[in-house]
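Working through the structure, step by step
Take a look at the letters that make up each chain.
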Amino acid sequence: MIKQILNRIPSRKTHKRDGGNRNSSSNTTAGSKGNSNSLNPTSGHGQSSKGNDDVGLNRSNSSNPTSGHGQIHYPGSDTGIADKLDNALNTKVNGNKVVSSSTTNEALPRLNDVPNSKKENLFIRKLSMCCVVCDFTDPTKNLKEKEVKTQILVELVDYVPSANGKFSETVMQEVVKMVSANIFRRLTPQPRDNKMLETFDGEEEEHSMDPAWPHLVLVYEFLLRFVHSSGTDAKAAKRYIDHGFIVRLLDLFDSEDPREREFLKFVLHRTYGKFMVHRPFIRKAINNILFRFLFETEKHNGIAELLEILGSIINGFALPLKEEHKLFLVRALIPLHKPKCMPVYHQQISYCITQFVEKDCKLADTVIRGLLKYWPVTNSSKEVMFLSELEEVLESTQPPEFQRCMVPLFRQISHCLSSSHFQVAERAFFLWNNDHIENLIKQNCKVILPIIFPALERNTISHWNQAVRSLTSNVRKIFSDADPELFEECLMKFQEDESKKEETKSKREDVWKRLEEIAEDRSGFGATNQPPMLLLNKVIGG
């Protein structure tokens, strides 16, 4: 009977009874993986410019993150962990000694339960307690201590938005100290070779999840709310959230845990919005990361998130654009189309590029020529992405800029139209579905049609894919209806060029045939003393 009653007691309460006994913690540990993402801010890539100022954080389950993963580790100490936490919790409250240390509420009063005059000191004490660094490598040790810290973090997260007045500089210093102790750590990314990068799929890859996330997520949410809080004065806080803090924050974007990168994105975006004095430094620091990725490593886990932040920043650029912003476009953004892993962040880079063209239409020529410079030769899936981005850029391109680059542009499009890969050919023909692009083509039909006409005719005659042949017929009809005379001229010229090619091909075959005959004669009747080039000239000359 007693055993049945004990079995009905939730495992979480069992931890409190026995102080984290290994036998009683098995049920809690088993469910830790399923709850590790209980706090999951949602934000689609490419959307940060519209809505990042109203980040919706779902904290419905954050007050009960998974516990039971490992041991609490004090820097410079490997023993006495439980004693130190007990000493911190068994403090005197209003002169009365607290015996039990199983929960935060029993050890220290809640921040909302003490007078305003005592809140700051209590807040600082709880921040100091949260400087404990959690090691989750062993999921069976010190469950009780980790649970205590979790509940303190939950209370701190809830307290920040409701705090009255401005935070003092002492509080800001302790906040930065606590956050730094928890999130700033050495990342150990798993190695990826170039073959893996070439075939990397950000959605299908099994991401490396940080086992310490149940505590990290609360620290990140605390930092996010602290930066956004009206009680955080930017002029005072800039001394503690300084350049060094920002650099270390940016280094964390190389984390392999996508949940951490998502929170970092929100935190950095809030920091950029709040601390105007840091904005040039943040842009420069991001540029340095991109340059190092481009010219040194070509390996970084957070390029997509950094570009998403940049998309929001570019959206807020004032006009006319500064020269430094244009140089950033030419030196960093456009070359980012070259790496093999570009598909991982293509949506974000495309959004940034389009933002520049929408800000200043004169940049369209620079962008289009940059895309042509890095156009893929043997990667068909990447070529489809380039065509999609090209359509977005052309949609914001005005006629003067279009005329500057239309000749090299449609030479490349002509190759795509006749591509043997049907997806590339289809995507190229879909450009004519865009009314703005179709109007630009019609206005410059006399230049464009002679360039792409051979590709259209060859598709009609010999392309293997029925859908591509159908799309080819539709585009031919558009040109035929727009300018019948020009269409007939191009058709006649194409037929003449084809007949010349046939003549050249026939002559080449005759030359090879006569050379073969001469070679047979030489092998049958002995070698001649005439040099090979002289023989060839005789054959060609008849």
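Within every chain, residues take consecutive numbers counted from 1 along the sequence as written. Selection of residues for local features in this predicted model requires a pLDDT of at least 70, selection of side-chain atom pairs for listing and counting requires 80 or more, and totals for whole chains, interfaces and linings are taken over all residues. Neither water nor hydrogens contribute to the side-chain values; these are computed over all heavy atoms in the structure.

**A closer look at the overall build of the chain**
Only DSSP runs of H or I covering at least 4 residues are called helices, and only runs of E covering at least 2 are called strands; the numbering of each starts at the N terminus. Within the chain one finds 27 helices and four strands. Out of the 542 residues belonging to the chain, those deemed buried represent 47%. In what follows, residue pairs with any heavy atoms lying within 4.5 Å of each other are defined as contacts. Long-range pairs, those at least 24 residues apart, make up 75% of the contacts in the chain between residues at least 6 apart in sequence. Just so you have it, the chain exposes about 28,000 Å², and 49% of that area is on carbon and sulfur atoms. For the exposure calls, accessible area comes from a 1.4 Å probe over protein chains only, and a residue counts as buried if that area is under 20% of its type's maximum, exposed if over 50%, partly exposed in between. Shrake-Rupley sampling with a 1.4 Å probe provides the accessible areas, and residues are treated as covered by the protein chains on show and by no other component.

**What about the packing of aromatic side chains?**
Note on aromatic pairs: the rings of Phe, Tyr and Trp (six-membered ring only in Trp) are paired at centre separations within 6.5 Å, and the planes decide the class, stacked below 30 degrees, edge-to-face beyond 60, tilted for the rest. Under the definition given, this model contains 20 aromatic pairs. Here F123 and F222 contribute two aromatic rings whose centre-to-centre distance is 6.4 Å and whose plane-to-plane angle is 45°, an arrangement assigned as tilted. Separated by 99 residues along the polypeptide, F123 in helix 7 (residues 116-129) and F222 in helix 11 (residues 213-228) bring together distant segments of the chain. This pair shows no difference in class: F123 is buried, exactly as F222 is. Arranged with centres 6.4 Å apart and planes meeting at 40°, the rings of F429 and W432 form a pair that is tilted.

**Here's the deal with unusual backbone geometry**
Between L319 and the following residue, P320, the backbone shows a cis peptide bond with an omega angle of -5°. Inspection of the secondary structure puts P320 in the loop between helix 16 (303-315) and helix 17 (323-333). Even without being a glycine, E298 presents a positive backbone phi close to 55°. Along the polypeptide, E298 turns up in the loop between helix 15 (279-297) and helix 16.

**Regarding the packing of helix 18 (residues 346-359) against helix 20 (residues 380-395)**
Relative orientation of the contacting elements helix 18 and helix 20 amounts to 25°, with a least axis distance of 9 Å. Comparing the axis directions of helix 18 and helix 20 gives the class roughly parallel. For the pair helix 18 and helix 20, the sense of crossing is right-handed. Where helix 18 approaches helix 20, its residues H346, I349, S350, I353, T354 and V357 are matched on the opposing element by M385, E389, E392 and V393. The residue inventory of the contact of helix 18 with helix 20, partitioned by class, reads five nonpolar, three polar and two charged. Interaxial angles span 0 to 180 degrees and are taken between N-to-C directions of axes, which are lines fitted to C-alpha atoms, for helices over the stretch in contact. Convention used here: angles under 35 degrees read as roughly parallel, angles over 145 as roughly antiparallel, angles from 65 to 115 as roughly perpendicular, and any remaining angle as oblique. Here is the rule for handedness: rotate from the far helix to the near one, and if that takes an anticlockwise turn smaller than a right angle the crossing is left-handed, while a clockwise turn gives right-handed. Amino acids outside the nonpolar list (Ala, Val, Leu, Ile, Met, Phe, Trp, Tyr, Cys, Pro) and the charged list (Asp, Glu, Lys, Arg) are all regarded as polar, and Gly is one of them.

**Focus: the pattern of salt bridges**
By definition, a salt bridge exists where a carboxyl oxygen of Asp or Glu is found within 4 Å of a side-chain nitrogen of Lys or Arg. Scanning the entire structure with this criterion turns up 21 salt bridges. The salt bridge partner of K265 is E262, with a shortest N-O separation of 3.0 Å. With K265 and E262 both in helix 14 (residues 258-274), this residue pair falls three residues apart, about one helical turn. For D483, the salt bridge is made with K446, and the minimal N-O distance between the two is 3.4 Å. Taken together, the positions of D483 in the loop between helix 25 (466-482) and helix 26 (484-525) and K446 in helix 24 (residues 445-462) put the pair 37 residues apart, joining distant regions of the chain. Take K446: its relative accessible area is 60%, and that puts it in the exposed class. One network of salt bridges, with partners in common, ties together R185, D210 and E260.

**Side note on the nonpolar core**
Side chains of a nonpolar character, in soluble globular proteins, are inclined to be buried together. For this analysis, a nonpolar core means a set of buried residues of the types Ala, Val, Leu, Ile, Met, Phe, Trp, Tyr and Cys, connected via side-chain atoms within 4.5 Å. Counting 136 residues, the largest nonpolar core has F123, I183, F222, L333, Y345, F410 and F479 as the members making the most contacts within it. Among the elements that make up this core, the one with the highest residue count is helix 11 (eleven residues). If near-sequence neighbours (up to four positions away) are discounted, L333 is found in contact with L307, I314, F328, I349, C352, I353 and F356.

**Here we look at the environment of V367**
Following the sequence through the fold, V367 ends up in helix 19 (residues 364-373). Given the relative accessible area of 1%, V367 is considered buried. Along the sequence, V367 and L390 sit 23 residues apart, while their C-alpha atoms lie 9.2 Å from each other. When neighbours within four sequence positions are excluded, V367 is seen to be in contact with L329, I334, I353, V357 and V393.

**Details of a negative patch on the surface**
A patch is a set of surface residues, each over 30% in relative accessible area and not in a salt bridge, joined within 9 Å for like charges and within 5 Å for the nonpolar side chains Val, Leu, Ile, Met, Phe, Trp and Tyr. Positive residues here are Lys and Arg, negative ones are Asp and Glu, while His and the chain termini are left out of the count. Note on charges: their place is set at NZ of Lys, CZ of Arg, CG of Asp or CD of Glu. Residues E516, E517, E520 and D521 make up a contiguous surface patch of negative charge. Structurally, the position occupied by D521 is in helix 26.

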